[in-house]
Amino acid sequence: MPLHIDVLTHPTGAQLLDWYQVLAAALGHDLPGDPVPSSEDVYAQLATPSAYSRKLLWLARNTAGAPVGTAALRLFDEPGRSHLASLELYSHPAHRRLGAGSRLLATAVGAARDAGRRSLITRTTVGTPGDRFLATRAFTPVLKLTWRRLRFDSMDAAAIGALAAEPHPGYRLESWEGIAPDGLIDAFALAKQALDDMPTGGMDLGHVPWTAERVRSVCEVFAKRGERLITVAAIGEGDGSVAGYTELVVPADGAGRALQHDTAVVPRHRGHGLGRWMKASMIRRIADGLPGVTEIETDNADDNRHMVAINAGLGFVPVRQTVEYELNLAE
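Everything quoted here is computed from the prediction, not taken from an experiment.

Novice: An account of the overall build of the protein chain is requested, with residue identities and associated values reported.
Specialist: Secondary structure assignment for the protein chain yields nine helices and 12 strands. Computed over C-alpha atoms, the radius of gyration of the protein chain comes to 21 Å, within 12% of the 20 Å expected from 2.2 N^0.38 for 331 residues, which places it in the range of a compact globule. Once the C-alpha set of the protein chain is aligned to its principal axes, its extents read approximately 65 × 40 × 35 Å. Per-residue burial for the protein chain yields a buried fraction of 49% across its 331 residues. Contacts in the protein chain between residues at least 24 apart in sequence constitute 72% of all its contacts with a sequence separation of at least 6. Separation of charge centres in the protein chain, based on 34 positive and 38 negative side chains, amounts to 4 Å.

If you want it as C-alpha cells, here you go:
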C-alpha cells in the first residue's frame, strides 16, 4: 500500500487529532471493554518531554490522506541507559495487513540504530494483532506481565481498612503528592534503588542511580501532564530512612482508572508486611479521598510471586497479560 509518513517534530492540532483517531480505534478494537484514554491525556503525553529522554514521532497516511498508523520512539539519553530505546506502535484496525505497521517499524528501528542504540523494547497484549505482528519479526519475548484490577464498587473496604490500620512496630506511614518533602527526598532516592532486583526477564535496561535531582525531574513530568503522582511510604522510626514506598498516578481529569506505578521495599526491611500495609493505605486514601476514581490497575511479572500474592490478597483480579519484547539492534 502506498504510504506517506509524516515526521511530527512539532505536532499541529490536526496531526494530534489524527494520531488520537488511530490510537482510539486500535485500543477500542484490541482491548474491547477497556476505557480509551481521553484525547487531552494523549496530547499531554505526546507534548510533554520525558525526563532524561526524547521522543521521535511518525504518523502514516494512505493515499487518500487518512491516518493509518502511528509510532513513538523514546530515546533514553542519561548515562547508564543511553543504549536503550522503547517503541509504541499502533495501526488503525481498518487498515491493517497493508504494510503500515511494517513501514513504521522499519522507520523506528532505523532511527534507533542511527541514534546508536543497541536495544529496542516494546510491549503488546497477549493474543492481539500486535502480539502476532512482533512474534513474526526479530523481536524476542523476554517478560510476561499480568495486569490486575481492583474495582472500588466490589472491593472489601472493611478488610482493606483493617490492613491499612494494622500496627507495624518500628515504622510509620507518610504520604505526599508530587515531589517528596525536602526532609525525605534523599532517603526516598536511596529507597528507589530497591527496584534494582525487580524481575526484568533479562532485558537490557541498563542501570541508572537514583538521586534527589532525578526524583524531582521525574515528578515534574507528571505535573506538566496534569497527572497526580501520589506516594505512600513506610518510614523507619529508628533512623528516619524510607523503608519502602508505593506510587500511584491519577489521570488529569481525576476520574476513572488510576495506575499503580512502583512498589518496593528496601531489602533489609523486607519480611515485615510493609508492602501490603502501604498498598492497603494507598487504596483507602484513593477510595476515600478521590470519588471520581473508580478502580486501580497494576501489573506484575509472573515470577514476582510475593507482589502477586499481595495484590491477590487485596482483591486485585487478573484482566489481561502483556509481553515485553526486545530487539537486539547490534545484530
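Novice: Mind laying out the pattern of salt bridges, listing which residues take part and the relevant values?
Specialist: As enumerated under the stated definition, the model contains 26 salt bridges in all. The residue Glu-324 makes a salt bridge to Arg-123 at a minimum N-O spacing of 2.6 Å. Taken together, the residues span a long stretch of sequence, with Glu-324 in strand E12 (residues 317-328) and Arg-123 in strand E5 (residues 119-125) at a distance of 201 residues. A residue is classified by how much of its surface remains accessible, and Glu-324, at 9% relative accessible area, is buried. Measuring nitrogen to oxygen at the nearest pair gives 3.4 Å for the salt bridge that ties Arg-257 to Glu-297. Remark: Glu-297 occurs in strand E11 (residues 293-301) and Arg-257 occurs in strand E10 (residues 256-265); sequence separation between them is 40 residues. Each of the two residues, Arg-257 as well as Glu-297, counts as buried. By sharing partners, the salt bridges in this structure join Asp-34, Arg-149, Arg-151, Asp-153, Arg-257, Glu-295, Glu-297 and Arg-320 into a single network.

Novice: Give me unusual backbone geometry: which residues, what numbers.
Specialist: Positive phi, close to 60 degrees, is recorded for Tyr-52, a residue that is not glycine. Checked against the element boundaries, Tyr-52 lands in the loop between helix H2 (39-47) and strand E2 (53-61). Using a relative accessible area of 27% as the deciding quantity, one classes Tyr-52 as partly exposed. The backbone phi angle of Arg-97 is positive, close to 65 degrees, even though this residue is not glycine. Inspection of the secondary structure puts Arg-97 in the loop between strand E4 (84-91) and helix H3 (100-114).

Novice: An account of the packing of aromatic side chains is needed here, citing residue identities and associated values.
Specialist: Inspection of every chain in the model, using the stated rule, returns three aromatic pairs. Arranged with centres 5.1 Å apart and planes meeting at 80 degrees, the rings of Phe-188 and Tyr-245 form a pair that is edge-to-face. Here Phe-188, found in helix H6 (residues 185-192), pairs with Tyr-245, found in strand E9 (residues 242-250); they are 57 residues apart in sequence, far enough to count as distant. The residues Phe-188 and Tyr-245 share a single accessibility class, namely buried. Chaining the aromatic ring pairs together yields one cluster made of Trp-176, Phe-188 and Tyr-245. The ring of Trp-210 carries the charged tip of Arg-214 above its face, separated from the ring centre by 4.2 Å. Above the ring of Phe-316, the side-chain terminus of Lys-279 is found at 5.2 Å from the ring centroid.

Novice: So, the packing of helix H5 (residues 157-165) against helix H8 (residues 274-289): which residues are in play, and what are the values?
Specialist: With their axes 8 Å apart at the nearest point, H5 and H8 run at an angle of 125 degrees to one another. Taken as axis vectors, H5 and H8 run oblique relative to one another. Considering how the two elements wind past one another, H5 and H8 form a crossing that is left-handed. Taking contact as the criterion, the partners of Ile-160, Gly-161, Leu-163 and Ala-164 in H5 are, on H8, Arg-276, Trp-277, Ala-280, Ser-281, Ile-283 and Arg-284. A class-by-class count of the residues in the contact of H5 with H8 yields six nonpolar, two polar and two charged.

Novice: Before we move on, can you summarise the nonpolar core with the specific residues and values?
Specialist: In terms of nonpolar packing, the biggest core is built from 29 residues, with Phe-152, Ile-283, Ile-286 and Leu-314 touching the most fellow members. At the level of elements, H5, strand E8 (228-236), E9, E10, H8, E11 and helix H9 (305-314) are the ones that each hand at least two residues to this core. Here this core takes seven residues from H8, the largest share from any one element. The contacts of Phe-152, once residues within four sequence positions are left out, are Ile-283, Ile-286, Ala-287, Val-293, Thr-294, Glu-295 and Ile-296. Listed in part, the 24 residues of the second largest apolar core include Leu-73, Leu-105, Ala-112 and Leu-134.

Novice: Tell me what's going on with the sheet that holds E10, and back it up with residues and numbers.
Specialist: Ordered by their spatial adjacency, 12 strands build an open sheet running E1-E2-E3-E4-E5-E12-E6-E11-E10-E9-E8-E7, and the pairing between neighbours is mixed. Of all the strands in the sheet, just strand E1 (4-7) and strand E7 (171-177) have a single pairing partner and so form its edges. Across the sheet, the mean angle from the axis of one strand to that of its neighbour is 25 degrees, orientation sign disregarded. Looking at chain direction, E1 and E2 are connected through four bridges and run antiparallel. The partner of His-4 across the bridge, within E2, is Arg-61. In the packing of H9 onto the sheet, the strands contacted are strand E6 (140-151), E10 and E11, and the crossing angle to E11 comes to about 155 degrees.

Rules used in this analysis
Once a new chain begins, its residue numbering starts again from 1 and follows that chain's sequence as written. With the structure being a predicted model, the display of local features is reserved for residues of pLDDT at least 70 and the display and counting of side-chain atom pairs for 80 or more, all residues being used for whole-chain, interface and lining totals. The basis for the side-chain values is all heavy atoms of the structure; hydrogens and waters are excluded. The way it works is that DSSP assigns letters per residue, a run of H or I at least four long becomes a helix, a run of E at least two long becomes a strand, and they are numbered from the N terminus. Radius of gyration here is computed from C-alpha atoms only, and the compact-globule reference equals 2.2 Å multiplied by the residue count raised to the power 0.38. Exposed residues in this analysis have more than 50% of their type's maximum accessible area, buried residues have under 20%, and partly exposed residues fall in between, with area computed by a 1.4 Å probe over protein chains only. Whether two residues are in contact is decided by their heavy atoms: any pair within 4.5 Å suffices. Two residue types count as positive, namely Lys and Arg, and two as negative, namely Asp and Glu; His and chain ends fall outside the count. To locate a charge, the coordinates of NZ of Lys, CZ of Arg, CG of Asp or CD of Glu are taken. The term salt bridge refers to a pairing of a side-chain nitrogen on Lys or Arg with a carboxyl oxygen on Asp or Glu at a separation within 4 Å. The rule is short: rings of Phe, Tyr and Trp, with Trp giving its six-membered ring, pair when the centres are within 6.5 Å, and they are stacked under 30 degrees, edge-to-face over 60, tilted in between. Note on geometry: a ring has a charge over it if NZ (lysine) or CZ (arginine) is within 6 Å of the ring centre and within 35 degrees of the ring normal. To define axes, lines are fitted to C-alpha atoms, for helices over the stretch in contact only, and angles between the resulting N-to-C directions are given on a 0 to 180 degree scale. For classification, angles of less than 35 degrees are called roughly parallel, those exceeding 145 degrees roughly antiparallel, those between 65 and 115 degrees roughly perpendicular, and all remaining angles oblique. The sense of a crossing depends on the near helix, which, turned anticlockwise from the far helix by less than a right angle, makes the crossing left-handed and, turned clockwise, makes it right-handed. Classes in brief: Ala, Val, Leu, Ile, Met, Phe, Trp, Tyr, Cys and Pro nonpolar; Asp, Glu, Lys and Arg charged; the others, Gly included, polar. Within this scheme, the nonpolar core is defined by two criteria: the residues are buried Ala, Val, Leu, Ile, Met, Phe, Trp, Tyr or Cys, and they are joined through side-chain atoms within 4.5 Å. Strands pair, by our definition, only if DSSP identifies at least two bridges between them.

Nothing here speaks to function; it is all geometry.
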